[in-house]
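# Geometric and topological summary
As a plain string of letters, each chain reads:
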2 protein chains.
Amino acid sequence: MSAPFEAGTPERERLERLLAIPSISADPASGPAMAQARALLAEWLAAIGFERIEALDGGGHPALTAEWLHAPGRPTLLVYGHYDVQPPDPLALWESPPFVASERDGRLYARGASDDKGPVAAALFALERLMAETGGLPVNVKILLEGEEEVGSRTLGALLERHRERLSADACLSADGARWRADTPSVNVGTRGIAALDFTVRTAAKDLHSGRYGGIAPNAAQVAARLVASLHREDGSIAVAAFHDDVIAPDAAERAAADAFPLDAEGLMREAGGVPAGDARFAPVDRLWFRPTLEINGIFGGYSGPGSKTVIPAQAGAKITMRLAPGQDPARARDLVEAHLIRHCPPHATLAVHQEEGGVEATRLPLDHWLLAAVEESLADEYARPPVRLRIGATLPITALFARILGIETVMLSCSTADEDFHAPNEHIRLCGLAEGVALWRDVLQRLGRASSPR
Amino acid sequence: MSAPFEAGTPERERLERLLAIPSISADPASGPAMAQARALLAEWLAAIGFERIEALDGGGHPALTAEWLHAPGRPTLLVYGHYDVQPPDPLALWESPPFVASERDGRLYARGASDDKGPVAAALFALERLMAETGGLPVNVKILLEGEEEVGSRTLGALLERHRERLSADACLSADGARWRADTPSVNVGTRGIAALDFTVRTAAKDLHSGRYGGIAPNAAQVAARLVASLHREDGSIAVAAFHDDVIAPDAAERAAADAFPLDAEGLMREAGGVPAGDARFAPVDRLWFRPTLEINGIFGGYSGPGSKTVIPAQAGAKITMRLAPGQDPARARDLVEAHLIRHCPPHATLAVHQEEGGVEATRLPLDHWLLAAVEESLADEYARPPVRLRIGATLPITALFARILGIETVMLSCSTADEDFHAPNEHIRLCGLAEGVALWRDVLQRLGRASSPR
């Protein structure tokens, strides 16, 4: 049998057809391309033997769903991926056209190759081979291929609420979420949450002349800077009262995983052109995994053009996002920051705080979860060493949504790698990564079939 | 005899011809218009009886000069004004064309009517009448009509250095600088100086992902905000070490003038849509007249567009101008702020400070100056009450330049008023203000002729 996705195979041909479709969810004109991508995937799902293949509506681009539920007594796995892609801009920087798959040096180049059409194809091909070989699957499988991941899964929550029953499962295995490194097996066991807000302060109806008013007029840029400065202490810790009250400290297993993780903060920052900073009472890995952040994403006010302008700015502000630790509620985090800003705003300024609706909680995969165990065992077999357990400091909305709405944990088993330029020109995926992905998905599914039911 | 500048008089006709010339110094194509304005004024100066009428070159638009030095033993007065105007934009907001003088309700509308062609014409007309009536002038007069006042007098310093001898005088009487109010006689007895600098901090080579780096990466916007916040104390006072060391406190006469000045900070800020702020240890009038300011003109860094962006800004900064008190040197003020920024910049950020060259010192007219006395006496006679002595919190570069290069004091005797929309659409001047200007200039010149020589 040929290697998975080798040139000339039917699977490679199918993946290349999928990569040729510009299913750019952010593009308002992409409706027909999105439908075309769903049609191609639906055809493949039908060929594998999936049933109830349907587009589910959540208010935006539909998600494609399918199921195969003929393994009574076995767990039901929700297999997640997404068929939408990032816009290809800037086009001039692509070495080959973004919607024509092109193989170079063992890598397949195309928009979506790594994020997430390649990994989806690897998962589907693993299911297809199992079905062809045994006439069935080792576990019950529901497929969910989202169409809005690249626009922040903006309607996925509504879609899950509407189709909660249809999508119920025992756990989710995700074909999205890149591997940490190509050479080190790893598994994500948690994410931080996110909450956003911004504020503006106003000190006058319009900018004032610094000669005519300087000394008696308040300065909005100065007020905004003082408010921003007040949010952290000198040592880098967050100074917002009660902000850390709900933070859940790592348990013993999480502690052990963190202590075993070789985070090189100096090296990471050296590559980024800087040096590390942060609350020195905590180790860098703790600051990245278990501690919340309060980040100033932007600060603005007054004149920032060339030369100088003798103006007293009447308005200034800042944009803030927080990465939340396990236990923190996004709305409460925003409320605490808003209360801090109100308390610290001087009487000569008018403060307006805008909380961005929603937000996402941190997630924390129980380290004794049966699906995690299966994935770790398969990774250990494949790479002949135990995988690294890592948390990511970023946020994966789907993990939190699946936990909150469907009540299930998510384990990520992607065959893409963080260095494959997804979201950038010349996105690509290693062909060997695709092959490893097929093998891993097969192995995990077979392993789940051998285990006793987790329910 | 008709009232000065009444419609149909030769002086009105001459002023209207001057106002018709778009002598916009900021416009690179204004060369011919600038020459046309100089030619018209040269013709007028010749008609009055001035001699050595010449354009003086300082590297930019030339200044027009002339002299009449036939009053031996009498002081020599440098009469200053400028013939360039602001651009007329936005044109759509003008009720009559900016370069066609239009009389409405006792006011003459045109770009430059108030700043500074009208006041220049009033001064020249006063000189013309005196010359016509007596065949001479009560004092020696040198005329200096600048062509770059509206672009910051950028080459006036060089021009004064080059033509120092030619322009030497005992004092300067300026036809520029608006009156405080139409109904209250006043005289400016000082200005604050100015110095400018800006800084940026860099914490990484590029903006970083707040999920992947949040907790270990420094945030440039946060660093910039802390630096800005460090420049002032909680009470609004400037926290830069040694910043106030050279500040000269007001003397008894200045103190008396300040105490007599009816500054309504609450009212002023109410009109501006805010409430006063500042170092409460000093009265508002002191904060505006005698104390320096350190103003954040702009602060910038990271993302300020719609929505949120989970970025850790790699670069941020602020623009700063200081209004300087008497005694402060612009370069030293900048150096002190730079030293403060260096001292307060954390080790995880790279600071770059850019000092804007030059700067202007504060000025302080000796309150027993003979020209001030003459102007105050004339104002007291004209309005039947003593004029208010006021300082302005803003900066007048010419006053500092005349003091530094020519070694002379400047007294402002303008007949424009601060509310006449100079630098804005529908600039105008009160015709009664022009008439008052002619009378005052005549009176001051005659008074100087009667006084004993100040030299």
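A separate point is the overall build of chain A. Scanning chain A for helices and strands turns up 13 helices and 18 strands. The globule rule puts the C-alpha radius of gyration for 455 residues at 23 Å, and the 25 Å found for chain A is close to it. Expressed along its principal axes, the backbone C-alpha trace of chain A runs to roughly 85 × 50 × 45 Å. When the 455 residues of chain A are sorted by exposure, 55% land in the buried category.

With that out of the way, let us pick up the relation of the copies chain B and chain A. Between the two copies, chain B and chain A, the superposition gives an RMSD of 0.1 Å; the rotation angle is 180 degrees and the shift along the axis is 0.1 Å. Here the transformation between the copies is reduced to the relation of a two-fold axis. A share of 100% of the interface residues of chain B reappears at the interface of chain A, consistent with the copies meeting face to face through the same patch.

Looking now at the pairing of strand E1 (residues 51-56) of chain A. All names here are of chain A. Looking at chain direction, E1 and strand E2 (residues 63-68) are connected through four bridges and run antiparallel. Bridged to Ala55 within E2 is Leu64. Hairpin connection from E1 to E2: six residues lie between these consecutive antiparallel strands, with Gly59 at a positive phi of about 115 degrees.

What follows covers unusual backbone geometry. A cis amide bond links Asp89 of chain A to the next residue, Pro90 of chain A, at an omega of -5 degrees. You can see Pro90 of chain A is positioned in the loop between strand E3 (76-82) and strand E4 (102-104). Here the residue pair Asp115 of chain B and Asp116 of chain B is connected by a cis peptide bond, since its omega of 10 degrees sits within 30 degrees of zero. The residue Asp116 of chain B is located in helix H3 (residues 113-134) in this model. A positive phi angle, close to 50 degrees, is found at Ser153 of chain A, a residue other than glycine. Here Ser153 of chain A lies in the loop between strand E6 (140-146) and helix H4 (156-162). Under the C-beta neighbour-count criterion, Ser153 of chain A is labelled buried, with 24 such atoms within 10 Å.

What follows deals with the packing of helix H11 (residues 370-383) of chain A against helix H13 (residues 431-450) of chain A. The geometry of a pair of packed helices is captured by two quantities: the angle between their axes and the separation between those axes. All names here are of chain A. Running from N to C, H11 and H13 cross one another at 130 degrees; their axes reach a closest spacing of 9 Å. It follows that H11 is oblique to H13 by the angle criterion. As H11 runs across H13, the sense of the crossing is right-handed. Contact residues: Ala374, Val375, Glu377, Ser378, Leu379, Asp381 and Glu382 in H11; Glu436, Ala439, Leu440, Asp443, Val444, Arg447 and Leu448 in H13. By residue class, the composition of the contact of H11 with H13 is seven nonpolar, one polar and six charged.

Moving on: the sheet that holds strand E9 (residues 193-202) of chain B. If you trace the eight strands from one edge of the open sheet to the other, you get E14(A)-E9(A)-E13(A)-E11(A)-E11(B)-E13(B)-E9(B)-E14(B), paired in antiparallel fashion. At either margin of the open sheet sits one strand with a lone partner, and together these are strand E14 (350-355) of chain A together with strand E14 (350-355) of chain B. Taken over all neighbouring pairs, the strand axes of this sheet differ in orientation by 20 degrees on average, direction set aside. Lying over the sheet, helix H10 (residues 330-344) of chain A contacts strand E9 (193-202), strand E11 (293-302), strand E13 (315-324) and E14 of chain A, oriented at roughly 25 degrees with respect to E9 of chain A.

Reading guide: rules and limits
- Residues numbered from 1 in each chain as written.
- Chains lettered and ligands numbered in written order.
- Predicted model: local features only at pLDDT ≥ 70, side-chain atom pairs only at ≥ 80, totals over all residues.
- Helix = DSSP H or I, 4+ residues; strand = E, 2+ residues; numbered from the N terminus.
- Rg over C-alpha atoms; globule rule 2.2 N^0.38 Å.
- Buried ≥ 20, exposed ≤ 12 C-beta atoms within 10 Å, placed from the backbone.
- Least-squares fit on C-alpha atoms with pLDDT ≥ 70 in both.
- Contact = placed C-beta atoms within 7 Å.
- Pairing = 2+ DSSP bridges.
- Axes fitted to C-alpha atoms, helices over the stretch in contact; angles between N-to-C directions.
- Parallel < 35°, antiparallel > 145°, perpendicular 65-115°, else oblique.
- Left-handed = near helix turned anticlockwise from the far one by under 90°.
- Nonpolar A, V, L, I, M, F, W, Y, C, P; charged D, E, K, R; others polar.

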